[in-house]
Amino acid sequence: MSHRLRNIIPVRWSNICKHRCFPATIDSRVWCCRNSNRGQLEMEQLGVCASNSSPDIVVGDPELLEKKIAAIRLAGPEKLQVIADFDATLTTYWINGRRGQSCHGLLQQGNPKYDIKRQELKEYYHPLEFNPTIPLDEKAKLMEEWWEKAHALLIEGGLTYDAIKKSVDNATIAFREGVVELFEFLEEKEVPVLIFSAGLADVIEELLRQKLHRSFKNVKIVSNRMVFNLSGQLVSFKGKTIHSLNKNEHALDMAAPVHDRLGDANGLIDDTASVKKRTNVLLLGDHIGDLRMSDGLNYETRISVGFLNHNVADSLDSYCKAFDVVYLNDAPMRGVVNLVSQLCSI
Ligand SMILES: [Mg+2]
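Residues numbered from 1 in each chain as written. Predicted model: local features only at pLDDT ≥ 70, side-chain atom pairs only at ≥ 80, totals over all residues.

Engineer: Could you clarify how one ought to interpret the pairing of strand 6 (residues 219-228) in this entry?
Structural biologist: Within a regular strand, side chains alternate between the sheet's two faces. Pairing analysis gives five bridges linking strand 5 (residues 193-200) to strand 6, with the strands arranged parallel. Residue I195 lies in a different strand from strand 6, and its bridge partner there is I221. On the question of chirality, the crossover connecting strand 5 to the parallel strand 6 by way of helix 10 (residues 201-212) is right-handed. Pairing geometry for strand 6 and strand 7 (residues 234-238), over four bridges, is antiparallel. What sits directly across from V227, in strand 7, is S236. Between strand 6 and strand 7, which pair antiparallel and follow one another directly, the connecting turn spans five residues, one of which, G232, has a positive phi of 80°. (Pairing = 2+ DSSP bridges. Helix = DSSP H or I, 4+ residues; strand = E, 2+ residues; numbered from the N terminus. Right-handed = clockwise from strand over helix to strand, strands pointing away.)

So this is what it looks like as structure tokens:
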């Protein structure tokens, strides 16, 4: 959150209620902004709507958002960076009525015995991740245990880079409509994009290659990085394990040493220092915990965008309090494209 703006303009929850209408049922396409002409008009003026008729957006405090947009525009694109979560943020939550896979979940290592073992780990640890009775530090240790066991199974089971390619080819996963436009626009404006993920950097890169058919010199991935031997077989992982509960700790510090295959040599991000000089942030996530991705940065102004993909009625209040802009029901990325073009306009 922009502490500076927060101090000047306290968020007023009453405004949130003023600018939206709550539904009796979960049908956001009817109830979000469509029922509020004033609210819809403000969203359009702020340039965050995916289209003029899109109701799938909630802005808790339009005045605060407007001030943040103005502050970022004034500072210019050279002060801006985008920090994005990967799974269910850059990718869709649903695909043809089926839950989209995560970059960990799609991996088939070509050895069914080991795929089953990793699935068993998931069945054991996943409920623990969301168990409210386990203290956070204990839970973080459990997550580290899960990730490290899963990674060890990938090595032991002889994962190859070819298996990654094949898994991506067969995966039920898709980028949100508008992601290419977003990256292209930001590349043109020389605005760096950091993708922070507790998944697998090599899988994310293969997804970019196969699904988007191109690379972007401004996009850098901070995630678990594999090391392959000359035969293309996984032999180890580089650096500290990034899991779901530590991915945001010192995330920006982890950004420097990663080296990806996506144009790093001519990339726009040289080191952590250059990232840290970009003190305005557009943050994209699908969990409230994703807001911590900017923790390592002493930012001046941050606009946070949350994708509330499911359980809209239960989570809308908390998402509206946490994020400046909330897109509902697996919305496309077009609204964010509109927003960044506002942020980068002179
Ligand atoms: Mg996510």
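Engineer: I tried to follow the packing of helix 9 (residues 179-188) against helix 14 (residues 334-343) on my own but got confused; where do I start?
Structural biologist: A pair of packed helices is characterised by two quantities: the angle between their axes and the separation of those axes. Closest axis-to-axis distance for the helix 9/helix 14 pair is 9 Å, and the angle between their directions is 15°. Relative to helix 14, the element helix 9 is oriented roughly parallel. Relative to helix 14, helix 9 is oriented so that their crossing is left-handed. Packed against helix 9, whose contacting residues are E181, L182, F185 and L186, the element helix 14 presents V336, V337, V340 and S341 at the interface. For the contact of helix 9 with helix 14, the class distribution of residues is six nonpolar, one polar and one charged. (Axes fitted to C-alpha atoms, helices over the stretch in contact; angles between N-to-C directions. Parallel < 35°, antiparallel > 145°, perpendicular 65-115°, else oblique. Left-handed = near helix turned anticlockwise from the far one by under 90°. Contact = placed C-beta atoms within 7 Å. Nonpolar A, V, L, I, M, F, W, Y, C, P; charged D, E, K, R; others polar.)

Engineer: Hey, could you run me through the environment of A75 in this one?
Structural biologist: For A75, the location among the structural elements is in helix 5 (residues 62-75). C-alpha of A75 to C-alpha of C344: the two residues are 269 residues apart in sequence and 9.4 Å apart in space.

Engineer: Help me out: how do you make sense of the nonpolar core in this one?
Structural biologist: Counting 74 residues, the largest nonpolar core has I195, I204, L282, V305 and V326 as its most contacted members. For this core, the element with the most residues is helix 7 (residues 136-156), which contributes six residues. (Core = buried A, V, L, I, M, F, W, Y, C linked by C-beta atoms within 7 Å. Buried ≥ 20, exposed ≤ 12 C-beta atoms within 10 Å, placed from the backbone.)

Engineer: In this structure, what is going on with helix 13 (residues 312-322)? I would like to understand it.
Structural biologist: Side chains three or four residues apart in an α-helix point the same way, a direct result of the helix having 3.6 residues per turn. Taken residue by residue, helix 13 has V312, L316, Y319 and C320 as its buried positions. Down the axis of helix 13, the smallest arc covering the buried residues is 95°, so these residues share one side. (Arc of directions from axis to C-beta.)

Engineer: Help me out: how do you make sense of the pairing of strand 2 (residues 80-85) in this one?
Structural biologist: Most of strand 2 is tucked away: six of the six residues are buried. Of the two faces of strand 2, the one carrying L80, V82 and A84 and the one carrying Q81, I83 and D85 are both buried. Pairing of strand 2 with strand 8 (residues 280-285) involves five bridges; the strand directions are parallel. Residue pairing in the sheet places I83 in a bridge with L283 of strand 8. Judged from the four bridges that link them, strand 2 and strand 5 form a sheet pairing that is parallel. Paired with I83 across the bridge in strand 5 is L194.

Engineer: Where do I start with the sheet that holds strand 8 in this structure?
Structural biologist: Sheets are built from strands paired through backbone hydrogen bonds, the pairs being either parallel or antiparallel. Spatially, eight strands are ordered 1-10-9-8-2-5-6-7 in an open sheet, and the strand pairing comes out mixed. In this open sheet, the two edge strands, each paired with only one partner strand, are strand 1 (57-59) and strand 7. The average angle at which neighbouring strand axes cross in this sheet is 20°, direction not considered. Relative to the sheet, helix 10 contacts strand 5 and strand 6, its axis offset from that of strand 6 by approximately 120°.

Engineer: Explain the confidence of the model for the protein here, please?
Structural biologist: Low-pLDDT portions of the prediction should not be read for the details of their coordinates. The predicted model of the protein has a mean per-residue pLDDT of 82, with 77% of residues at 70 or higher. For the stretch residues 256-270, pLDDT sits under 50, and the model shows 30 contacts to residues farther than four places along the chain or on other chains. (pLDDT = per-residue confidence, 0-100.)

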